[in-house]
Amino acid sequence: MLKASKRSQDVSYAIREVILPARALKKQGIDVLHLNIGDPNKYDFDTPQHIKDALYQAAQDGYNGYSPSEGEPELLQAIIQREQKRNAVHYDLSDICVTTGVTEALQILLSASLDPTEELLIPGPTYPQYSLITKVYGAVPVSYRCIEEKNWQPDIDHIRSLLTKKTKGIVLINPNNPTGALYSEKVIKEIIDIAGEHGIPIISDEIYDDLTFDGVQHATASLAKDVPVITFNGFSKVYLMPGWRMGYIMFRHQGELDDIQEAFMRIARSRLCANSVCQHACIHALKGPQDHIKVVNDKLRKRRDLAYKRLNEIPGISTAKPDGAFYIFPKIEQLQEGGWKTDKDFVLDLLQTAHVLTVHGSGFCATYGKDHFRAVILPNEHTLEQAFDKLESFMKKRLHS
Ligand SMILES: Cc1ncc(COP(=O)(O)O)c(C=O)c1O
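What comes next is a walk through the structure. Just so it is clear, the structure is predicted and the values come from calculations on it, not from any experiment.

**What about the site of the ligand?**
Around the ligand, a shell composed of 13 residues is seen, among which Val102, Thr103, Asp205, Tyr208 and Ser236 lie nearest. Val102 is positioned with one of its backbone polar atoms (N or O) 2.6 Å from an oxygen atom of the ligand. Here an oxygen atom of the ligand sits 2.8 Å away from a polar atom, N or O, in the side chain of Lys237. The fraction of the free accessible surface of the ligand (400 Å²) that becomes covered by protein chains is 93%. The leading source of residues in the shell around the ligand is helix H5 (residues 101–113), at three residues.

Given below as structure tokens:
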């Protein structure tokens, strides 16, 4: 048998890993409550109608060929306008590339910028792709602590202490997956200062930017005057179209990133282009009505309030309050007392016993994610109540046996 590459051996993705045992239960006819999927369209959210109509119309109008590799100029213009209006940041057409989701943008960027043994500072806990893809390229993901007691804000002193000659960039995810943290302006500015002092760029993942419940999200590029910032954004979350696989990258700098940006565009040309018919619908997503965003946030705020209250009332569980995105990241206070060795044991036991599916925190960071689990706040209130009822009896049973 031919051997798979060494590079591929470490590739595993916690979020999808837990799905296999859940499928086995389903096969036995058992209903599982899914609190694991970061896909709003799997719950009671749908792509706005005018965007669906625009997709059909674009196909009818004949936009079915390849697009330029960096994206359709009209979409690039619409992105430029959004950035100008929302964040007062100016981009040129050549600063942006449309990609197959943020996932492709981050895969291309890390391949264009990281050599083996170089280091990338990533939040702990993080969206797992950042550590995974960094490792695939032989580079080293270095986790900086986010502080649970401060609603998971990044620990500035820790970031400072981790910088070495090999550090190639600092990743911010704001609002954050898996914690739901919304970063304060002060924290973002402090990280910008560190990046400026060390001449390294910030990679800012802002895919959840308009999904906030109490405050507003500050785009890193809007606060960084002369520090290079690479921003990821996309349509999966805010425009409720994750299956369409549409994202983009924006480079903002004064020449420091020329080499990396050129490398990015070379690789982007080699993969031809992002889905062209969807790009035409995305123009309408950005330029058309934005009313759905308030509706989504109002729904999520109620579900966040419910999840925050219920989870903190359950014995052995505590949680910080998320301010954005659609996740909550509770702590399993009494892992040992409950008889679990790890958070993954807890998640699997919860699935097998109570039929509630979450994701183990160590899948998001072995150090700063362990002893936690991630749940989505996307299900309706009835389903959330049911899931928390089941979790509550499960905890009572385990802690008293
Ligand atoms: C922080 C973050 N970045 C990127 C992605 C992937 O986005 P896309 O669907 O655009 O590939 C996700 C998906 O969950 C995410 O949480």
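**What about the pattern of salt bridges?**
Under the counting rule described, the total for this entry stands at 27 salt bridges. Measuring nitrogen to oxygen at the nearest pair gives 3.8 Å for the salt bridge that ties Lys299 to Asp44. Residue Lys299 is found in helix H12 (residues 291–313), and its partner Asp44 is found in the loop between strand S1 (33–34) and helix H3 (49–60); the two are separated by 255 residues along the sequence. A salt bridge links Glu185 to Lys189; the nearest nitrogen and oxygen atoms lie 3.2 Å apart. Residue Glu185 and its partner Lys189 are both found in helix H8 (residues 185–198); the two are separated by four residues, about one turn of the helix. Overall, Lys189 belongs to the partly exposed group, its relative accessible area being 38%.

**Concerning the nonpolar core**
If you look at the biggest cluster of nonpolar residues, it comprises 133 residues, and the most contacted ones within it are Phe235, Phe264 and Phe346. Among residues more than four places away in sequence, those in contact with Phe235 are Leu75, Leu240, Met241, Met246, Tyr248, Cys282, Ala285 and Leu286.

**What to know about the packing of aromatic side chains**
All chains considered together, the criterion is met by 13 aromatic pairs. With centroids separated by 5.6 Å and ring planes inclined at 45 degrees, the aromatic side chains of Phe235 and Tyr239 adopt a geometry described as tilted. Judged on exposure class, the residue Phe235 and its partner Tyr239 are both buried. Chaining the aromatic ring pairs together yields one cluster made of Trp340, Phe346, Phe373 and Phe394. Seen from the ring of Phe45, Lys299 lies directly overhead, with NZ or CZ sitting 4.4 Å from the centre.

**Points about the side chain of Thr99**
If you trace the backbone, Thr99 turns up in strand S2 (residues 96–99). Owing to a relative accessible area of 0%, Thr99 belongs among the buried residues under this scheme. From its side chain, Thr99 meets the backbone oxygen of Gly101 in a polar contact 2.8 Å long. The residues contacting Thr99, other than those within four sequence positions of it, are Glu104, Ala105, Arg245, Met246, Gly247, Tyr248, Phe264, Arg271 and Ala274.

**Thoughts on the environment of Gln84**
Assignment of secondary structure puts Gln84 in helix H4 (residues 73–87). When near neighbours in sequence (up to four residues on either side) are disregarded, Gln84 contacts Val89 and His90. Looking at Gln84, its side chain comes within polar contact range of the side chain of His90, at 3.5 Å.

**Observations concerning helix H6 (residues 129–136)**
Two residues of an α-helix separated by three or four positions point the same way, owing to the 3.6 residues in each turn. The buried count for H6 comes to six of eight residues, which makes it a mostly enclosed element. As for H6, its buried residues are in contact with H5, strand S3 (119–124), strand S4 (140–147), strand S6 (167–173), strand S7 (202–205) and strand S8 (229–234). A positive backbone phi angle near 80 degrees is found at Gly138, which sits one or two residues after H6.

About the cut-offs
- Residues numbered from 1 in each chain as written.
- Predicted model: local features only at pLDDT ≥ 70, side-chain atom pairs only at ≥ 80, totals over all residues.
- Heavy atoms only, no water.
- Near = heavy atom within 4 Å.
- Polar contact = N/O pair within 3.5 Å; in protein donor to acceptor, adjacent residues only side chain to side chain.
- Areas by Shrake-Rupley, 256 points an atom, 1.4 Å probe, with all protein chains shown as cover.
- Helix = DSSP H or I, 4+ residues; strand = E, 2+ residues; numbered from the N terminus.
- Salt bridge = Lys/Arg side-chain N within 4 Å of Asp/Glu carboxyl O.
- Buried < 20%, exposed > 50% of the residue type's maximum accessible area, 1.4 Å probe, protein only.
- Core = buried A, V, L, I, M, F, W, Y, C linked by side-chain atoms within 4.5 Å.
- Contact = heavy atoms within 4.5 Å.
- Phe/Tyr/Trp six-rings, centres within 6.5 Å; stacked < 30°, edge-to-face > 60°.
- Lys NZ or Arg CZ within 6 Å of the ring centre and 35° of its normal.

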